[in-house]
Amino acid sequence: MLDIVESLGAFLKSRRDRVTPAEIGLRTYGTARRVPGLRREELAQLAGVSAGYYTRLEQGQVETASEQVLNALARVLQLDEIERVHLHNLARQPSDPGLSEPRRETPHPRVLTLLESLDEATPAIVLGRRGDVLAWNRTGHALIAEHVDFNAPQEPTRRPSIPRMFFLDPLTRDMYRNWDELARVHVAYLRLTAGRFPTDARLAELIGELTMRSNDFAMMWAAGEVSDCTVGTMHLQHPTVGAASVDYQVWLQPESPDHRLEIYTPNDSSSADALRILMHQGRTETAQDSVPARQD
């Protein structure tokens, strides 16, 4: 089974490789260097730990590392906030966590009530920890995946997977004019999630499938980037409304922190017109669904 997240040592090495001595004011006196970034002993000295201890830490021979040591390493490696979170997640992992079947994801009633309160005026979807669509309103469905059955999220085995659609569905890929940028965000967020849930067998299956079936995903995964996915812009060439640019923002759910309510708003007047078309389309479909079937 594929390892769904790198080890603490692999993450430290990848970040050590990208920090040059000049960036942190370390003089090298013109000597030839065989590593692209910091040497182990240089990082250890700057972080205030022994070279032997750091070497054992990077080689996975240390069971635990204190928060003080991790914070010192993060400071020298110039990690951002999300990378620091990922570093601490990796440090808390057991040496051989194993995989287990996760519980079925169910959206909390409060987030479903909030989704319903948005009506069709604001496109929105509810995402699970692995990027599965747990629920959406009509406008969110029409904006993101109108070629997918609207009722699919109601059945756990049929729930649309945004990562799978992004990398394996040509219709989805063709819709995003900034696909490469958004794809890298998806991969970096999956890495962050894998650090939080190293035993999730379904997450391992997803990452393994995408690695095997998509060269783009495999390349982006190998780059080792990690980030959160909270705000951004999607530039679309939508099959129904044409060119549109929408901003997305994520609302985290206190009762179910693994789940995210993602809403979309237009960032120019023509995109606002496009969303209004999808909104009216969604309201029409909702009205049609509420009409009882005629009894002959």
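Fair warning: this is a prediction, and the values are worked out from it, not measured in the lab. Numbers given to residues run from 1 along each chain, matching the order in which its sequence is written. Local features in this predicted model are restricted to residues whose pLDDT is 70 or higher, and side-chain atom pairs enter the listing and the counts only when it is 80 or higher, whereas totals over whole chains, interfaces and linings include all residues. Excluding hydrogens and water, the side-chain figures rest on all heavy atoms present in the structure.

Trainee: For this particular structure, what's the right way to read the pattern of salt bridges?
Mentor: Pairs may arise between side chains of opposite charge once their charged atoms sit close together. Definition used for salt bridges: Asp or Glu carboxyl oxygen within 4 Å of a side-chain nitrogen of Lys or Arg. Evaluation of the coordinates by the stated rule reveals 20 salt bridges. As a salt-bridge pair, Arg 39 and Glu 42 come within 3.4 Å of each other at their nearest N and O atoms. Accessible area is worked out with a 1.4 Å probe on protein chains only. A residue is then buried under 20% of its type maximum, exposed over 50%, and partly exposed in between. Judged by its relative accessible area of 25%, Arg 39 is partly exposed. Arg 184 serves as the salt-bridge partner of Asp 180, at 3.0 Å between the closest nitrogen and oxygen. Placement of the pair is Asp 180 and Arg 184 together in helix α10 (residues 179-196), with a separation of four residues, close to one helical turn. A residue is classified by how much of its surface remains accessible, and Asp 180, at 38% relative accessible area, is partly exposed. Residue classification places Arg 184 among the partly exposed positions, given a relative accessible area of 39%. Every helix listed is a DSSP run of H or I at least four residues long, and every strand listed is a run of E at least two residues long, numbered separately from the N terminus.

Trainee: Would you explain the packing of helix α2 (residues 40-47) against helix α4 (residues 67-77) in this entry?
Mentor: The packing of two helices is summarised by the inter-axis angle and the distance between the axes. Between N-to-C directions, angles cover 0 to 180 degrees, with each direction set by a line fitted to C-alpha atoms, over the stretch in contact for helices. Running from amino to carboxyl end, α2 crosses α4 at an angle of 115 degrees, the nearest separation of the two axes being 9 Å. Helix-helix and strand crossings are classified by hand; for α2 and α4 the assignment is right-handed. Of the residues in α4, those touching α2 at Leu 43, Leu 46 and Ala 47 are Ala 72, Leu 73, Arg 75, Val 76 and Leu 77. Ten residue types, Ala, Val, Leu, Ile, Met, Phe, Trp, Tyr, Cys and Pro, are classed as nonpolar, four, Asp, Glu, Lys and Arg, as charged, and the remainder, Gly among them, as polar. Among the residues making up the contact of α2 with α4, the classes are represented as seven nonpolar, no polar and one charged. Crossing handedness follows the turn of the near helix against the far one: under a right angle anticlockwise gives a left-handed crossing, and clockwise gives a right-handed one. Note on contacts: a residue pair is in contact if any heavy atoms of the two residues lie within 4.5 Å.

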